[in-house]
Amino acid sequence: MLDKIQKQLLTEVADLYTMPKGAYNIRANGEKAARNTTENIDIVTKTDKPGIDIIIKDGTKNESVHIPVVLSESGIKEVVYNDFYIGDDCDVTIVAGCGIHNCGTQDSQHDGVHRFFVGKNSKIRYVEKHYGEGDGAGKRILNPVTEVYQKENSYVDMEMVQIKGVDNTYRTTKAELAEGATMIVHERLMTHGEQKATSVYEVELNGEGSSTDVISRSVAKDSSEQIFEAAIVGNTVCNGHAECDAIIMDNAHVVAVPKLDARNVDAALIHEAAIGKIAGDQLIKLMSLGLSEAEAEEQIIGGFLR
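This write-up is about the structure you can find in this document. Remember, predicted model here, so these are calculated numbers, not experimental data.

1. Examining the overall build of the protein
Point 1. Each helix and strand counted, the protein has three helices and 22 strands in total.
Point 2. For the protein, the spread of C-alpha atoms along the three principal axes comes to 55 × 55 × 35 Å.
Point 3. Every one of the 306 residues in the protein was classed for burial, and the buried ones make up 52%.
Point 4. Taking all contacts inside the protein whose residues are at least 6 apart in sequence as the whole, residues at least 24 apart take part in 80%.
Point 5. In the protein, which carries 31 positive and 48 negative side-chain charges, the distance between the mean positions of the two groups comes to 3 Å.

See below:
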């Protein structure tokens, strides 16, 4: 049974106000809190380490699986391994994410290791949101690791979001794409205070006609620090694009590190980066409508991170 705090965390990271339809596995304070499977989606507890296997049958379409994690006790530290085995010709949505409520003095930490094995011609939408809250001295730490292995003509659309309240995060995402496969990543990130966030993406385009688009939009406030690293390897005829757009405020620090490795004459790889403060004319325009400077900043930031 989930308590009030845990239910609130679920609304933040998974937009869940009630138990979802379809398959789900909800983890709370290091334990399974709820689970449901369907005819086409099975969820099996691992026997060798913490975590689950999510098995999606060939041809599964218009179904979803939710696997959020919530921590509401100070001092919990865990590493969880979740493997997704997605059959051929599927079209499914996967919703993950972790919310941490820490009002204590000890650090709370969740490290999720997710591996996706995506079948031929399958389409996957994956949403992962991170959120932290609580007025304790203990930190809220999240270090997600994502590995994606795509077969021919598969399509993966990933939305990686850090809403607020996470003190430290180190996100690592690695992917290998076969012929005709596409991987799209939209990262949205906000840091404030003394928070630190590092995102590392490594994508190998191995099959002819494979492509990737990795886009990060972020806002760094106060004395927070962000590092964005994007490495794309083009081993054949392929297209790769990485982009970092960041708004920097106060005494924050943002670094964008590109690495493009073209190993084929027909590998087309592009990296773009734009880091800067909010333009003064944007603020003036909104303030002329009656908003304060702080309200104008929030309007701009909200639109930027959508």
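Structure shown, so let's carry the discussion forward.
2. Comments concerning helix α3 (residues 293–304)
The periodicity of an α-helix, 3.6 residues per turn, causes residues three or four places apart in sequence to face the same way.
Point 1. With twelve residues, α3 should reach 16 Å at 1.5 Å per residue; the first-to-last C-alpha distance of 16 Å fits that figure.
Point 2. By the burial criterion, the buried members of α3 are A296, I300, I301 and F304. The arc that holds the buried residues of α3, viewed along the axis, is 130 degrees, so those residues lie on one side.

3. Topic: the pattern of salt bridges
Point 1. Evaluated as defined, the whole model comprises 13 salt bridges.
Point 2. The closest approach of N and O atoms between R27 and E78, which form a salt bridge, is 3.0 Å. Of the two residues, R27 is situated in strand β1 (residues 23–28) and E78 in strand β7 (residues 77–86); the sequence distance between them amounts to 51 residues. Accessibility classification places R27 together with E78 in one group, the buried group.
Point 3. Residue R125 pairs with E159 through a salt bridge whose shortest N-O separation is 2.6 Å. Highlighted residues: R125 in strand β11 (residues 123–133) and E159 in strand β14 (residues 155–164), separated in sequence by 34 residues.
Point 4. R125 sits in the partly exposed class, given a relative accessible area of 33%.
Point 5. Overlapping salt bridges, with partners in common, bring together K46, D53, D83 and R115 in one network.

4. Side note on the packing of aromatic side chains
Point 1. Evaluation of the coordinates by the stated rule reveals five aromatic pairs.
Point 2. On the basis of an interplanar angle of 70 degrees and a centroid distance of 4.8 Å, the ring pair of F116 and Y126 is categorised as edge-to-face. Separated by ten residues along the polypeptide, F116 in strand β10 (residues 108–118) and Y126 in strand β11 bring together distant segments of the chain.
Point 3. We classify Y126 as buried; its relative accessible area is 0%.
Point 4. A network of ring pairs unites the aromatic residues F84, F116 and Y126 as a single cluster.
Point 5. Above the face of the Y155 ring, K123 is positioned so that its terminal group lies 5.8 Å from the ring centre.

5. Some details on the nonpolar core
Point 1. Counting residues in each nonpolar core, the largest one holds 39 residues, and the members touching the most others are I54, V65, I86, I94, F116 and M158.
Point 2. Discounting residues that sit within four places of it in the chain, I94 has contacts with V65, F84, I86, F116, I124, R125, Y126 and V127.
Point 3. In terms of nonpolar packing, the next biggest core, distinct from the first, is built from 13 residues, V13, A14, A34 and V70 among them.

6. Topic: the pairing of β14
Point 1. Most of β14 is tucked away, with seven of its ten residues classed as buried.
Point 2. One ladder, built from nine bridges, connects β11 with β14; its direction is parallel. Bridge assignment links K129 to a residue of β14, and that residue is V161.
Point 3. Across eight bridges, the pairing between β14 and strand β16 (residues 182–191) is parallel. Among the inter-strand pairings, D157 is bridged to a residue of β16, identified as I184.

7. Focus: unusual backbone geometry
Point 1. For D89, which is not a glycine, the phi torsion comes out positive at approximately 55 degrees.
Point 2. Positive phi values are uncommon outside glycine, yet N121 reaches one of about 60 degrees.
Point 3. Here N121 shows up in the loop between β10 and β11.

8. Observations concerning the environment of A220
Point 1. Inspection of the secondary structure assignment puts A220 in strand β18 (residues 210–220).
Point 2. Residue A220 is classed as buried on the basis of its relative accessible area, which comes to 0%.
Point 3. In this structure the C-alpha to C-alpha distance between A220 and S64, which are 156 residues apart in sequence, comes to 33 Å.
Point 4. Excluding its chain neighbours within four sequence positions, the residues that come into contact with A220 are T191, Q226, I247, I248, M249, A252 and V254.

9. With respect to helix α1 (residues 4–14)
Point 1. Of all the residues in α1, the buried ones are Q6, L9, L10, T11, V13 and A14.
Point 2. Turning to α1, the residues buried within the fold contact β1, β5 (61–66), β6 (69–71), β8 (91–95), β9 (98–101) and β11.
Point 3. Its side-chain oxygen 3.2 Å from the backbone nitrogen of I5, D3 forms the N-cap of α1.
Point 4. Just past α1, the residue D15 takes up positive phi, approximately 55 degrees.

10. Looking at the environment of E187
Point 1. By secondary structure assignment, the location of E187 is in strand β16.
Point 2. You can call E187 buried: its relative accessible area is 5%.
Point 3. Discounting residues that sit within four places of it in the chain, E187 has contacts with M160, R171, S199, Y201, I215, S216, R217 and F228.
Point 4. Among the polar contacts made by the side chain of E187, one reaches the side chain of S199 at a distance of 2.6 Å.
Point 5. At a separation of 2.6 Å, a polar atom in the side chain of E187 contacts the side chain of S216.

Rules and cut-offs
- Residues numbered from 1 in each chain as written.
- Predicted model: local features only at pLDDT ≥ 70, side-chain atom pairs only at ≥ 80, totals over all residues.
- Heavy atoms only, no water.
- Helix = DSSP H or I, 4+ residues; strand = E, 2+ residues; numbered from the N terminus.
- Buried < 20%, exposed > 50% of the residue type's maximum accessible area, 1.4 Å probe, protein only.
- Contact = heavy atoms within 4.5 Å.
- Lys, Arg positive; Asp, Glu negative; His and termini not counted.
- Charge placed at Lys NZ, Arg CZ, Asp CG, Glu CD.
- Expected span 1.5 Å × (residues − 1).
- Arc of directions from axis to C-beta.
- Salt bridge = Lys/Arg side-chain N within 4 Å of Asp/Glu carboxyl O.
- Phe/Tyr/Trp six-rings, centres within 6.5 Å; stacked < 30°, edge-to-face > 60°.
- Lys NZ or Arg CZ within 6 Å of the ring centre and 35° of its normal.
- Core = buried A, V, L, I, M, F, W, Y, C linked by side-chain atoms within 4.5 Å.
- Pairing = 2+ DSSP bridges.
- Polar contact = N/O pair within 3.5 Å; in protein donor to acceptor, adjacent residues only side chain to side chain.

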